[in-house]
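Geometric and topological summary
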Amino acid sequence: MNRFLCVVLCAGAFILTGCNHFGFAFKWADTYIASKVDDYFDISSSQSRHLKDGVQKDLGEIKSAVLPQWIARLKGLQQEVQKGTLDASRTSFYFDLFLKDVEQINARFADTAGRFIASTQPRQLTAFAREFAKKTQDDLNKFHQTSKYRKEMRNKYTDHFEMFLGSLTAQQKKMIEAHLDSSPFPGELKARNKAHILSLYLQQMTTPEAKREFLKTYYDNPAAMDLPEYQTAFNEYKQQLQKLIIEVLGCMDLKQKKNLIENLNEKTAQLEKIAKAG
């Protein structure tokens, strides 16, 4: 998805859901997020400190309000795998919950994001536009290198599946290849969408106050400013990704089921430890 501030200021959310060890993610989330924000805005030491404080407070709320939901869900998922009831319908159910979790976590960082945006100076707003334009061009260059980008995406899919299942079968690898053929991520369109957002930021927002308001509005509701064709393409991609997950999980062998159960149990134990630590 890689929405600019959504990713920069809520990078922690994606670390927490994608990292192999939740404890590490929670411990270093504030430092990681401050570093990513600095890449775009060249922030001061005071801004970095306040940003880290805000992220730590947000993570504390996530620990008390969100982690119990995640723990219960992982336990339920583990039980369904063990009983053999994780069919296509139930996989779709958990996939949809995961997407809602990401949105819920993003919202948890909204106040911190708002305070940081309000603290930005004119030079930082200019620096953001410059860095965002550079990274958008880098994206375009990457997506134009079709074979290299395809290999990168293949490796990402494989790594994420193997993180839970262990080694994939030849059949499962063919499923990934078929998905890459028929439903590749709309990368070039995503980069065009980023360029569209940047043009709105530069052309319509002529004062620092207007630029800050634009960034806050976009953080709160990024889809409202996206190109319609990108939204359509991305929603279709999510549907096809869901189908791929259903297909791969639907043909797990006994060893992969065992690995999945063990990995779910391990991640549940990690979250329980974090929740108890407070």
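Below is a summary of the structure that appears in this document. (Residues numbered from 1 in each chain as written. Predicted model: local features only at pLDDT ≥ 70, side-chain atom pairs only at ≥ 80, totals over all residues. Heavy atoms only, no water.)

1. Some words on the overall build of the protein
Scanning the protein from N- to C-terminus turns up 14 helices and 0 strands. What you see in the protein, going N to C, is helices and strands ordered as α-α-α-α-α-α-α-α-α-α-α-α-α-α. Against the globule reference of 19 Å for 278 residues, the protein gives a C-alpha radius of gyration of 20 Å, in line with a compact fold. Taking the principal axes of the C-alpha coordinates as reference, the protein spans close to 60 × 45 × 25 Å. Here the protein displays about 14,200 Å² of accessible surface, and carbon together with sulfur accounts for 54% of that area. Considering the protein, the positive charge centre built from 40 side chains and the negative charge centre built from 33 side chains are found 3 Å apart. (Helix = DSSP H or I, 4+ residues; strand = E, 2+ residues; numbered from the N terminus. Rg over C-alpha atoms; globule rule 2.2 N^0.38 Å. Areas by Shrake-Rupley, 256 points an atom, 1.4 Å probe, with all protein chains shown as cover. Lys, Arg positive; Asp, Glu negative; His and termini not counted. Charge placed at Lys NZ, Arg CZ, Asp CG, Glu CD.)

2. Here we look at helix α5 (residues 67–83)
If you check α5, its first and last C-alpha atoms are 24 Å apart, about what 17 residues at 1.5 Å a residue would give, namely 24 Å. If you check which residues of α5 are buried, you get L67, W70, I71, R73, L74, G76, L77, Q78, E80 and V81. Looking one or two places after α5, you find G84, whose phi comes out positive at around 80°. (Expected span 1.5 Å × (residues − 1). Buried < 20%, exposed > 50% of the residue type's maximum accessible area, 1.4 Å probe, protein only.)

3. Section: the packing of aromatic side chains
Per the counting criterion, the structure on display carries 13 aromatic pairs. The interplanar angle of 10° and the centroid separation of 5.0 Å between the aromatic rings of F41 and F128 together place this pair among those described as stacked. Here the residue F41 occupies a position in helix α3 (residues 22–41), and F128 occupies one in helix α8 (residues 122–144), the gap between them amounting to 87 residues. Residue classification places F41 among the buried residues on the basis of a relative accessible area of 0%. Classification of F128 as buried rests on a relative accessible area of 1%. (Phe/Tyr/Trp six-rings, centres within 6.5 Å; stacked < 30°, edge-to-face > 60°.)

4. A word on the pattern of salt bridges
Summed over all chains, the structure comprises 18 salt bridges. Note that K57 and E61 form a salt bridge whose closest N and O atoms lie 2.9 Å from each other. Taken together, the residues K57 and E61, both in helix α4 (residues 45–65) and 4 residues apart, mark about one turn of the helix. The partly exposed category is assigned to E61, whose relative accessible area is 30%. Ionic pairing is found between D139 and K194, a salt bridge with its closest N-O pair at 2.6 Å. Taken together, the residues span a long stretch of sequence, with D139 in helix α8 and K194 in helix α11 (residues 187–203) at a distance of 55 residues. Since its relative accessible area comes to 13%, D139 is described here as buried. When salt bridges that share partners are traced, they join R150, R154, E177 and D181 into one network. (Salt bridge = Lys/Arg side-chain N within 4 Å of Asp/Glu carboxyl O.)

5. Focus on the layout of surface pockets
By volume, the second largest pocket amounts to about 200 Å³. Lining of the second largest pocket is provided by F143, T146, Y149, R150, M153, L180, P184, F185, G187 and E188. With 4 residues, helix α9 (residues 146–165) is the largest single contributor of residues to the lining of the second largest pocket. (1 Å grid on protein atoms, 1.4 Å probe; cavity = no way out; pocket = protein on both sides within 12 Å on 5 of 7 lines; lining within 4 Å. Points joined across faces, edges and corners; volume = space filled by probe spheres on them.)

6. Thoughts on the packing of α4 against α5
The N-to-C vectors of α4 and α5 enclose an angle of 45°; their axes lie 4 Å apart at closest approach. As judged from the angle between their axes, α4 and α5 are oblique. The segment α4 lies against α5, with I62, K63, S64 and A65 engaging L67, P68 and Q69. For the contact of α4 with α5, the per-class residue count stands at 4 nonpolar, 2 polar and 1 charged. (Axes fitted to C-alpha atoms, helices over the stretch in contact; angles between N-to-C directions. Parallel < 35°, antiparallel > 145°, perpendicular 65-115°, else oblique. Contact = heavy atoms within 4.5 Å. Nonpolar A, V, L, I, M, F, W, Y, C, P; charged D, E, K, R; others polar.)

7. Side note on the side chain of H179
Its place among the elements puts H179 in helix α10 (residues 170–182). When near neighbours in sequence (up to four residues on either side) are disregarded, H179 contacts Y157, P184, Y237, Q240, L241 and L244.

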